[in-house]
Amino acid sequence: QVHFATPGAEADAVVKFSSVEKWKEKAPAEAAYLSLKAEGAATVTQVDRKETVQEPPLLYDLTTLQKEANTKHGFSADKTLSIAQKLYEAKAITYPRTGSRYIPEDVFAQIPALLLTLKNNPTWGRRLALLGETPTRRSVDDGKVTDHHALLPTEVKPKLLSADEQTVYDMIVGRMLETFSEPCIKDVTTITATCDGVEYTTKGAIVQQAGWRGIYGEEMEDTVLPEWTEGTTLAVGGCSLTEGKTKPKPLHTEASLLAAMETCGKEIENEERRQSLKACGIGTPATRAAIIETLFSREYMVRQKKSLVPTEKGLALYSVVRQMRIADVEMTGEWEAALAKIERGELRAEAFRGQIERYTAEITSELLTSEKLFTHKGSDCICPKCKTGRMQFFGKVVRCDNAACGLPVFRIKAGKTLSDAEITELLTKGRTGVIRGFNSKQGKAFSAIVAFDADFNTVFEFPETKNEQRKPMRKK
């Protein structure tokens, strides 16, 4: 960091600059520091003045509300959803389990009247004056509205709210006012000065219009820079060399975990792009809180203040499944996309169901034959499908050891576990004898033969029974 001033300038004209480059080695940083000391001056090489416009934020969907409630107020995702549900049941807000941050044209037409209902509100009434003559259209887009539009308060004024309920309600009202306010406009000046080939910069900003940033009464101080021009010589008032260390990524909070779940862990800061990738997310706005709570209830992670910390149990499970198909985070996003295609008539439901059934068999077999989870014993049984692999016997599944084949045969059929002898008979002969003790979904016991079909899936075959000859009925 360097403090520069025009020679002979007043003390308040001294401005702090920082080097453009952040060196990873100490030697070049020290060389630049010594050059500043020796030269005692730098030359302004660039003055860039431009107007920047910060658009209002989009309205809340459930996940964004949960993230901000966690960051600002420490609420869990589950708590925020529970409060939002109560506010909805009290008719104070619109449907909360929404994944959209936009509203359609017909809802936008009602916004002026909705804003007027806040006129006498002691918290928000005086801030209505910060809005322009007409609400801005930042969150208006029919094409981006899913089953439910973004969160809005209603004309119903809630009564007897708890402190936490009031907090969430005020967040939704405040965001509505921000969204329909004018943009925040600043004049930003960037000055670059050079000494011995090293560039140093500083920024100043003058707020022309507070816009949406005034809704929460943010203090926006102007940073006024001197009227320096290119070629101006600046005297070094003082300089310092700062050494720091890069920090590892912090532990997740519920807010950052929710953000990661939206995009399958892809780190995307651009809000518009985040919205476009929501179809790839883990869970839906309505289920993400429950997924997080499940991780707590199963003791896979714990809370430490705001941070989420995996337990030994959670880490052990992660080490086992991390390379398995069940841990493919983009899979559920692909399912959501497929379901949307079914809804539009672009994909047959039967085809999707077939894919899910195959996937389920694959991940179940992969889990049940995990060396870390279950022990197994080999056998001399040749795989009936590939004719090269040998079948390995696990507790709940028997599987071919040929990686290219991997034929799974599940032991449990209709509530009965097949014995090694019965499985061996199936593998060698393609069918078993009649086995007793199966139970139907209705709870009825039955006997059947277990056999392979043409694709080596197991099916039931029922032995033929001789029909008893009926005696002719006599008329009385």
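Residues numbered from 1 in each chain as written. Predicted model: local features only at pLDDT ≥ 70, side-chain atom pairs only at ≥ 80, totals over all residues. Heavy atoms only, no water.

## Topic: the overall build of the chain
And step 1. Of regular secondary structure, the chain possesses 13 helices and 17 strands.
And step 2. Taken against the 2.2 N^0.38 rule, which gives 23 Å for 476 residues, the C-alpha radius of gyration of the chain at 34 Å runs more than 25% over that of a compact globule.
And step 3. With the C-alpha coordinates of the chain rotated into their principal frame, the extents come out at 125 × 65 × 40 Å.
And step 4. Contacts in the chain between residues at least 24 apart in sequence constitute 63% of all its contacts with a sequence separation of at least 6.
And step 5. Total accessible area computed for the chain in this model is approximately 28,900 Å², and 51% of it derives from carbon and sulfur atoms.
And step 6. The positive charge centre, built from 67 side chains, and the negative charge centre, built from 65, are 12 Å apart in the chain. (Helix = DSSP H or I, 4+ residues; strand = E, 2+ residues; numbered from the N terminus. Rg over C-alpha atoms; globule rule 2.2 N^0.38 Å. Contact = heavy atoms within 4.5 Å. Areas by Shrake-Rupley, 256 points an atom, 1.4 Å probe, with all protein chains shown as cover. Lys, Arg positive; Asp, Glu negative; His and termini not counted. Charge placed at Lys NZ, Arg CZ, Asp CG, Glu CD.)

## As for the nonpolar core
And step 1. Counting residues in hydrophobic clusters, the biggest one holds 33 residues, and the most contacted among them are Leu-65, Ile-103, Ile-111, Leu-152, Met-176, Leu-177 and Phe-180.
And step 2. Mapped by element, the contributors of at least two residues to this core are helix H2 (62-73), helix H3 (77-89), helix H4 (105-108), helix H5 (111-116) and helix H6 (163-179).
And step 3. The greatest single-element share of this core, amounting to 7 residues, is contributed by H6.
And step 4. With residues up to four places along the chain from it excluded, the contact list for Leu-65 reads Tyr-60, Thr-80, Ala-84, Leu-151, Val-168, Met-171 and Ile-172. (Core = buried A, V, L, I, M, F, W, Y, C linked by side-chain atoms within 4.5 Å. Buried < 20%, exposed > 50% of the residue type's maximum accessible area, 1.4 Å probe, protein only.)

## Overview of the environment of Ile-93
And step 1. Looking at the element boundaries, Ile-93 is found in the loop between H3 and H4.
And step 2. A residue is classified by how much of its surface remains accessible, and Ile-93, at 2% relative accessible area, is buried.
And step 3. Aside from chain neighbours lying at most four places away, what touches Ile-93 is Ala-84, Leu-87, Tyr-88, Leu-151, Leu-152, Pro-153, Thr-154, Tyr-169 and Ile-172.

## So, the sheet that holds strand E12 (residues 408-410)
And step 1. A sheet is described by the order of its strands in space; here 4 strands give the open sequence E9-E10-E11-E12, paired in antiparallel fashion. Here the strands that pair on one side only, and so sit at the sheet edges, are strand E9 (376-377) and E12.
And step 2. Note: E9 against strand E10 (residues 391-394), 2 bridges, orientation antiparallel. Its bridge partner being in E10, Lys-377 is matched across the sheet by Phe-393.
And step 3. Those strands touched by helix H13 (residues 420-429) are E9, E10, strand E11 (397-400) and E12, and its axis lies near 155° from that of E10. (Pairing = 2+ DSSP bridges. Axes fitted to C-alpha atoms, helices over the stretch in contact; angles between N-to-C directions.)

## Some words on the confidence of the model for the chain
And step 1. Confidence in the prediction for the chain averages 87 pLDDT; 92% of positions are at 70 or higher.
And step 2. Below a pLDDT of 50 lies the segment residues 466-476, which in the model reaches 0 contacts outside its immediate sequence neighbourhood of four places, other chains included. (pLDDT = per-residue confidence, 0-100.)

## Looking at the pattern of salt bridges
And step 1. In total, this model carries 16 salt bridges according to the counting rule given.
And step 2. Between Glu-178 and Arg-175 there is a salt bridge, and its shortest N-O distance comes to 3.0 Å. Of this pair, Glu-178 and Arg-175 both sit in helix H6, 3 residues apart, roughly one helical turn.
And step 3. Within the structure, one salt-bridge network assembled from shared partners comprises Glu-68, Lys-72, Arg-175 and Glu-178. (Salt bridge = Lys/Arg side-chain N within 4 Å of Asp/Glu carboxyl O.)

## Details of the sheet that holds strand E4 (residues 184-195)
And step 1. Sheet architecture is closed into a barrel: 6 strands sit in the order E1-E2-E5-E4-E3-E6, paired in antiparallel fashion. Strand-to-strand twist across the sheet, computed as the mean angle between neighbouring axes with direction ignored, equals 45°.
And step 2. Sheet topology places E4 next to strand E5 (residues 198-209); 11 bridges connect them, and they run antiparallel. The partner of Thr-192 across the bridge, within E5, is Thr-201.
And step 3. The sheet contacts of helix H1 (residues 26-39) involve strand E1 (2-5), strand E3 (41-54), E4, E5 and strand E6 (233-239), and relative to E6 the element is tilted by about 120°.

## A few points about the side chain of Asp-170
And step 1. Within the element layout of this structure, Asp-170 appears in helix H6.
And step 2. Look at Asp-170: it is buried, it has no salt bridge, and the nearest opposite charge is Arg-127 at 8.4 Å.
And step 3. With residues near it in sequence (within four places) discarded, Asp-170 still touches Trp-124 and Tyr-216.

## What about the packing of helix H7 (residues 254-262) against helix H9 (residues 288-297)?
And step 1. Remark: H7 packs on H9, axes separated minimally by 11 Å, with the N-to-C direction vectors making an angle of 120°. One way to sum up the angle between H7 and H9 is to call them oblique. Relative to H9, the crossing made by H7 is right-handed. Seen from H7, the contacting residues are Glu-254, Leu-257, Leu-258, Met-261 and Glu-262; seen from H9, they are Arg-288, Ile-291, Ile-292 and Phe-296.
And step 2. Here the residues of the contact of H7 with H9 are counted per class, giving 6 nonpolar, no polar and 3 charged. (Parallel < 35°, antiparallel > 145°, perpendicular 65-115°, else oblique. Left-handed = near helix turned anticlockwise from the far one by under 90°. Nonpolar A, V, L, I, M, F, W, Y, C, P; charged D, E, K, R; others polar.)

## Details of the packing of aromatic side chains
And step 1. A full pass over the atoms with the stated rule returns 13 aromatic pairs.
And step 2. With 5.5 Å between their ring centres and 25° between their planes, Phe-438 and Phe-446 make a pair best called stacked.
And step 3. Over the ring of Phe-75 we find Lys-79; its NZ or CZ atom is 4.3 Å from the centre of that ring.
And step 4. Just above the ring of Tyr-60 sits the side chain of Arg-175; from NZ or CZ to the centre is 4.3 Å. (Phe/Tyr/Trp six-rings, centres within 6.5 Å; stacked < 30°, edge-to-face > 60°. Lys NZ or Arg CZ within 6 Å of the ring centre and 35° of its normal.)

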